[in-house]
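Coordinate inspection notes
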Amino acid sequence: MEHATILVSEYLLTMNRRPTQATQGNGQRASAYDRQASLIAAAASLFAAKGFNGTTTKAIAKAAHVSEALVFKHFPTKRTLYAAILAEKVTVNELIEPLEDAAKKHDDHLVFTIIASYRIRPGVDSTFLRLLLFSALEGHELSEMFFGKHLKVFYDHLAAYIHTRIEDGAFRPVDPLLAARAFIGVVVHHRLLHEIFGVPLHQSHEDTVAAYVDLFLTGLIKRPDDRGTVGEKTR
């Protein structure tokens, strides 16, 4: 995990420098930053289609229309390149602030809608989901970083919010983590159906999100006959 974090940090430092321009084989000027972006895009597509183990640096170079030596110049190893893809595609931080604002207002509907809409929306990139699945199946060390930045952050925030609302008396006394996983599971299953298996949507993304949120919150709203705490026997 620490190794993967170092890889991402090194990549971000490289990207932030925006190196000087150099001439490509076709005579056009392209910066090292643009080359890195091109390599990341090509590698992401290949990793998503063939996995980390099934993708070679030679194939990445061919897809990016550069030499294999140039791939190694920017990314010494496939793991460095894979970490760069994660740094490029993990944009969860942009979601945290509006999520925390909605949580402070105890706006249940908005909290769940923000989380669901983050991945159920028009034009969502299925590459990321494929990378996530491959990283888990192949079991390489970057899968832990992938999980932590892409899924666990949602579990943690949502479970904490559900716990707070249970204490407020607004939600039923359920296990907060299981409830959070259940809702995220709905979103992930939706993505598997439509992004991986190609099942067509039968209604808009907005209506789909609204339906999921309504169904889930209806199951969380405290009923008058609910008593006791989680695991307590009913007398």
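The structure presented is a predicted model; accordingly, all values stated were derived computationally and were not measured.

Focus: the overall build of the protein chain
From N to C terminus, the protein chain includes 11 helices and 2 strands. Each helix (α) and strand (β) of the protein chain, taken in turn from the N terminus, gives the series α-β-β-α-α-α-α-α-α-α-α-α-α. Taken across its 235 residues, the protein chain has 39% of its residues classed as buried. Taking all contacts inside the protein chain whose residues are at least 6 apart in sequence as the whole, residues at least 24 apart take part in 68%.

Considering the confidence of the model for the protein chain
On average, residues of the protein chain score 79 in pLDDT, and 75% of them are at 70 or above. Per-residue pLDDT stays below 50 along residues 1-27; that stretch engages in 42 contacts with residues further than four places along the chain or on separate chains. When the criterion is pLDDT under 50, residues 229-235 qualifies, and its contacts beyond four places in sequence or with other chains add up to 4 contacts.

A closer look at the packing of helix α6 (residues 93-104) against helix α7 (residues 108-119)
Contact geometry of α6 with α7 gives a least axis separation of 8 Å together with a crossing angle of 160°. Classified by the angle between their axes, α6 and α7 sit roughly antiparallel to one another. Where α6 crosses over α7, the handedness of that crossing is right-handed. Contacts between α6 and α7 pair Glu94, Leu95, Pro98, Leu99, Ala102 and Ala103 from the former with Leu110, Val111, Ile114, Ile115 and Tyr118 from the latter. Of the residues contributing to the contact of α6 with α7, the split by class is 10 nonpolar, no polar and 1 charged.

Focus on unusual backbone geometry
In the Ramachandran plot, His65 falls in the positive-phi region, its phi being about 60° despite a non-glycine side chain. Counting through the fold element by element, His65 comes out in the loop between α3 (57-64) and α4 (68-74). Phi at His106 takes a positive value of approximately 55°, unusual for a residue other than glycine. Tracing the chain through its elements places His106 in the loop between α6 and α7.

Describing helix α2 (residues 32-50)
Taking 1.5 Å of rise per residue, 19 residues should cover 27 Å, and α2 covers 26 Å from first to last C-alpha, within 8% of that figure. Within α2 the residues assigned to the buried category are Ala32, Arg35, Gln36, Leu39, Ile40, Ala42, Ala43, Ala44, Leu46, Phe47 and Ala48. Two residues or fewer after α2 comes Gly51, characterised by a positive phi angle close to 85°.

Looking at empty space enclosed by the protein
Within this structure, the stated rule accounts for 1 cavity of 30 Å³ or more. Lining the largest cavity are 12 residues, with Arg119, Leu151, Phe154, Val187 and Val188 positioned closest to its centre. Counting only elements with at least two residues in the lining of the largest cavity, the list comes to α7, α8 (126-138), α9 (142-168) and α10 (176-196). Looking at the lining of the largest cavity, the element that brings in the most residues is α10, giving 4 residues.

What to know about the packing of α2 against α8
Following both chains from N to C, one finds α2 and α8 inclined at 55°, their axes separated by 8 Å at the closest point. By the angle between their axes, α2 is oblique relative to α8. The interaxial crossing formed by α2 with α8 has left-handed handedness. Taking contact as the criterion, the partners of Ala44, Phe47, Ala48, Ala49 and Lys50 in α2 are, on α8, Thr127, Arg130, Leu131, Phe134 and Glu138.

What about the pattern of salt bridges?
By the definition in use, this model includes 3 salt bridges. In this structure, Asp168 and Arg165 form a salt bridge, with 3.2 Å as the shortest nitrogen-oxygen distance. Of this pair, Asp168 and Arg165 both sit in helix α9, separated by 3 residues, roughly a single helical turn. The exposure class of Asp168 is partly exposed, given its relative accessible area of 43%.

Calculation notes
- Residues numbered from 1 in each chain as written.
- Predicted model: local features only at pLDDT ≥ 70, side-chain atom pairs only at ≥ 80, totals over all residues.
- Heavy atoms only, no water.
- Helix = DSSP H or I, 4+ residues; strand = E, 2+ residues; numbered from the N terminus.
- Buried < 20%, exposed > 50% of the residue type's maximum accessible area, 1.4 Å probe, protein only.
- Contact = heavy atoms within 4.5 Å.
- pLDDT = per-residue confidence, 0-100.
- Axes fitted to C-alpha atoms, helices over the stretch in contact; angles between N-to-C directions.
- Parallel < 35°, antiparallel > 145°, perpendicular 65-115°, else oblique.
- Left-handed = near helix turned anticlockwise from the far one by under 90°.
- Nonpolar A, V, L, I, M, F, W, Y, C, P; charged D, E, K, R; others polar.
- Expected span 1.5 Å × (residues − 1).
- 1 Å grid on protein atoms, 1.4 Å probe; cavity = no way out; pocket = protein on both sides within 12 Å on 5 of 7 lines; lining within 4 Å.
- Points joined across faces, edges and corners; volume = space filled by probe spheres on them.
- Salt bridge = Lys/Arg side-chain N within 4 Å of Asp/Glu carboxyl O.

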